[in-house]
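# Descriptive analysis of the structure
In case you want the letters, here they are:
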Amino acid sequence: MQTIKKRIAEQIVNAVKGLNAEAELNTADVAAMLEYPPDANMGDLAFPCFRLSKTLRRSPVQIAETLAQGLSCDVIEQATAVNGYLNIKISNAYLCSHVLVDILEKKESYGAPDLGKGKTVVLDYSSPNLAKPFHIGHLGTTVIGHAIKNLHEFAGYQCVGINYIGDWGTQFGKLIVAYKKWGNREEVENGGVDALVDLYVRINNAISGNEEQGIVPDPSLADEARAEFHKMEMGDQENLELWRWLVKLSIKANDKIYKQLGITFDSYKGESSYTEDMPAQIEKLRNEGLLKIDDGASLVDLSEYGMPPCLILKRDGSTLYPTRDIAAAYDRKKLYDFEKCIYVTSTQQILHFKQWFKVVELMGYDWYDKLVHVPYGTVSINGAKLATRTGNVVLLKDLFDAAVEKVKGIMEEKNPDLKGRDDVAEAVGVGAIVFYYLTNTRIKDINFNLEDALSFDGNTGPYVQYTYARACSVLEKAKVENTSSDFIITRNEEAELLKVMSQYEERVLNALQDYEPSVIARFILDLAVAFNKFYHECRIATEADEAIRNTRIKLTEACKYVLGSAFSLICLKKTEKV
Ligand code: ARG
């Protein structure tokens, strides 16, 4: 659609010149003014003439009418003036000879914007605090982050995905206390995530008490945990050795989730890596006169910017979350010379990022405006809020397992002979969760409903993955005898399908601009709907006329590429069979 809009805009610019030689219009501006009419019967694109009225000293109605007479090019089938709008219908012949041919040639790289050549984007996402359960609150940062990475890669950027693991902090002190009290190496080693979560929940219950289970709070355990962590900070070999082992186990436990999602990271450089880098930044803050001492703590006063102070050092001299973020950003700039460094976290951290981004600016680093925070709303499951400190957590792994089990059940009924059923069930079960999540605008809070997510009928992952499999199965059965690219459109459904596909690049650009993968999820739904209409209304492989049959098979192939490409952007697996 980008090319189509540009071609139409050129026509409009020329025609306007004919009306008034002095009128200064540029093609890009006009292209951006083209709208999608609310009702497809009005046309495929509409140009509102109201803004030109002043320059051209004519009424919008007159302008639209004159333009309607004056446009002619291969993209435009028909241009009609309606109430100050110029409504344009795109030519079917153009859709065939350009859009379809283009998709068949570029395959899954069709629609890739050419934006990022030679530029690097760093993405900090997932980044869970280790030694704590990996719960469904992490789904957002993990899949939104990875989708934003994929979108940038698709647009030609060099991307570095960083899992900035929370591998330092008092939670390790707690886990060490729990392990020393109740754990043993073999059990924890073999028990994987569950063993770690058990220890974590048990120590938190023991510290804070649990009325239901009759556990009386024992705050002295919190002191013990702090002491164990302090020992780590002081370089105690035994604790550091335990810590290294726990970090390794936690990373391994999370790996299965990443594998199910098809996600890998380029770096696991986490919070513990910045201990030695922080003093230089603290020194710089001090030299710039930015540090204030308040009740023994060091902070940067941000009242001038309407924010609470950014805490840099606690009274006891220990560093904080923002201190580490500043050191890490400096390190990343040095290592990757990023064009942008993107952080994906829940909305609860908006203030944190605003504060330390401001501090980076005040420190005089000229790359402060290349730091981007991308927040997302909270997740609850069928109404229940998630808490990590109690046993009341929904682990991401359990959510995935539940989805996969349900899909297995459905498939047993629907398609009992399917080969590789377990893999397909995993792709569809996990895909259902991812898709359900990503169809929502990221900033909105979500209440997860597993039944809805797994339905094969609604606007769901199973529905779109099923559509992809349907296109694959048509292609498997259809013989392409003819390699001619003389395509012919005879039905509205064919043209509609091509028009949706022609919008792909534009949607990708919108998704990139707003850091909004939901734009792609919705595009996938639009495309699936258009393909299914086409599939139901038009004979494909069984069509008697050779040219029509050939076009329809090629349309199906094109749809498979565009759907496949869009699936990859949002971490959905391409299911050839469902
Ligand atoms: N570990 C943090 C958490 O779980 C998220 C880290 C986000 N990244 C960052 N650079 N602060 O809340």
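Right above here is the structure, for reference.
Residues numbered from 1 in each chain as written. Predicted model: local features only at pLDDT ≥ 70, side-chain atom pairs only at ≥ 80, totals over all residues. Heavy atoms only, no water.

Looking only at helices and strands, the protein chain features 21 helices and twelve strands. Dimensions along the principal axes, computed over C-alpha positions, put the protein chain at roughly 85 × 65 × 40 Å. Out of the 578 residues belonging to the protein chain, those deemed buried represent 55%. Once local pairs closer than 6 in sequence are excluded, the contacts in the protein chain between residues at least 24 apart make up 72%. Summed over all atoms, the accessible surface of the protein chain reaches about 26,400 Å², with 47% contributed by carbon and sulfur. Here the protein chain contributes 67 positively and 81 negatively charged side chains, and the mean placements of these two sets differ by 2 Å. (Helix = DSSP H or I, 4+ residues; strand = E, 2+ residues; numbered from the N terminus. Buried < 20%, exposed > 50% of the residue type's maximum accessible area, 1.4 Å probe, protein only. Contact = heavy atoms within 4.5 Å. Areas by Shrake-Rupley, 256 points an atom, 1.4 Å probe, with all protein chains shown as cover. Lys, Arg positive; Asp, Glu negative; His and termini not counted. Charge placed at Lys NZ, Arg CZ, Asp CG, Glu CD.)

For the rest of this paragraph, the subject is the pattern of salt bridges. Applying the stated criterion across every chain yields a total of 33 salt bridges. For aspartate 337, the salt bridge goes to lysine 333, with nearest N and O atoms at 2.8 Å. Among the ionic pairs, lysine 499 bridges to glutamate 496, the shortest N-O distance being 3.6 Å. Here lysine 499 pairs with glutamate 496, and both are found in helix α18 (residues 492-502), just three residues apart, close to one helical turn. Given the relative accessible area of 6%, lysine 499 is considered buried. (Salt bridge = Lys/Arg side-chain N within 4 Å of Asp/Glu carboxyl O.)

Before going further, it helps to spend a moment on the sheet that holds strand β2 (residues 76-82). With respect to topology, three strands assemble into an open sheet ordered β1-β3-β2, the strand pairing being antiparallel. Pairing within the sheet leaves two strands with one partner each, and these edge strands are β1 (45-48) and β2. The mean inter-strand angle of the sheet, taken between neighbouring strand axes irrespective of direction, is 20°. The sheet contact formed by β1 and strand β3 (residues 85-90) spans four bridges and is antiparallel. (Pairing = 2+ DSSP bridges. Axes fitted to C-alpha atoms, helices over the stretch in contact; angles between N-to-C directions.)

Let us now look at unusual backbone geometry. In this structure, lysine 107 takes a positive phi of about 50° despite not being glycine. Topologically, lysine 107 is positioned in the loop between α5 (92-106) and β4 (120-124).

We now examine the layout of surface pockets. One number sums up the size of the second largest pocket: a volume of about 390 Å³. Those elements that provide at least two residues to the lining of the second largest pocket are α14 (396-414) and α17 (461-477). Top element by residues in the lining of the second largest pocket is α17. It accounts for eight residues. Split by residue class, the lining of the second largest pocket holds nine nonpolar, two polar and seven charged. (1 Å grid on protein atoms, 1.4 Å probe; cavity = no way out; pocket = protein on both sides within 12 Å on 5 of 7 lines; lining within 4 Å. Points joined across faces, edges and corners; volume = space filled by probe spheres on them. Nonpolar A, V, L, I, M, F, W, Y, C, P; charged D, E, K, R; others polar.)

This next bit is on the environment of lysine 259. Tracing the sequence through the fold places lysine 259 in helix α10 (residues 237-261). You can call lysine 259 exposed: its relative accessible area is 69%. The spatial distance from the C-alpha of lysine 259 to the C-alpha of tyrosine 321 is 29 Å, given a sequence separation of 62 residues.

Most of strand β5 (residues 158-162) is tucked away, with four of its five residues classed as buried. Taken together, the five bridges between β4 and β5 define a ladder with parallel strand orientation. Bridging across to β5, valine 121 finds its partner in cysteine 159. Once you follow β4 into helix α6 (residues 137-154) and on to β5, the crossover reads as right-handed. (Right-handed = clockwise from strand over helix to strand, strands pointing away.)

Take helix α1 (residues 2-19) next. Here α1 contains 18 residues, and its C-alpha end-to-end distance of 26 Å stays within 8% of the 26 Å for a straight helix at 1.5 Å per residue. Of all the positions in α1, only Ile4, Lys5, Ile8, Ala9, Gln11, Ile12, Val13, Ala15, Val16 and Leu19 are classed as buried. (Expected span 1.5 Å × (residues − 1).)

Let's shift gears to the sheet that holds strand β10 (residues 371-376). Read from one edge of the open sheet, four strands run β5-β4-β9-β10, paired in parallel fashion. Looking at the sheet topology across the chains shown, the edges are occupied by β5 and β10. The sheet shows a mean angle of 20° between the axes of neighbouring strands, taken without regard to direction. Pairing of β4 with strand β9 (residues 340-346), which is carried by four bridges, proceeds in the parallel orientation. The partner of aspartate 124 across the bridge, within β9, is tyrosine 343. Together, β4, β5, β9 and β10 form the strand contacts of α6, whose direction differs from that of β9 by roughly 155°.

Here we come to the site of the ligand. With respect to spatial proximity, the complete set of residues near the ligand consists of Asp124, Ser127, Asn129, Tyr164, Tyr321, Asp325, Tyr343, Thr345, Gln349 and Phe353. In this structure, a nitrogen atom belonging to the ligand sits 2.8 Å away from a side-chain N or O atom of aspartate 124. One of the side-chain nitrogen or oxygen atoms of asparagine 129 is found 2.8 Å away from a nitrogen atom of the ligand. Here the ligand, which alone exposes 350 Å², has 88% of that area covered by the protein. Every element with two or more residues in the shell around the ligand is listed here: α12 (321-336) and β9. Residues that form the shell around the ligand fall into these classes: four nonpolar, four polar and two charged. (Near = heavy atom within 4 Å. Polar contact = N/O pair within 3.5 Å; in protein donor to acceptor, adjacent residues only side chain to side chain.)

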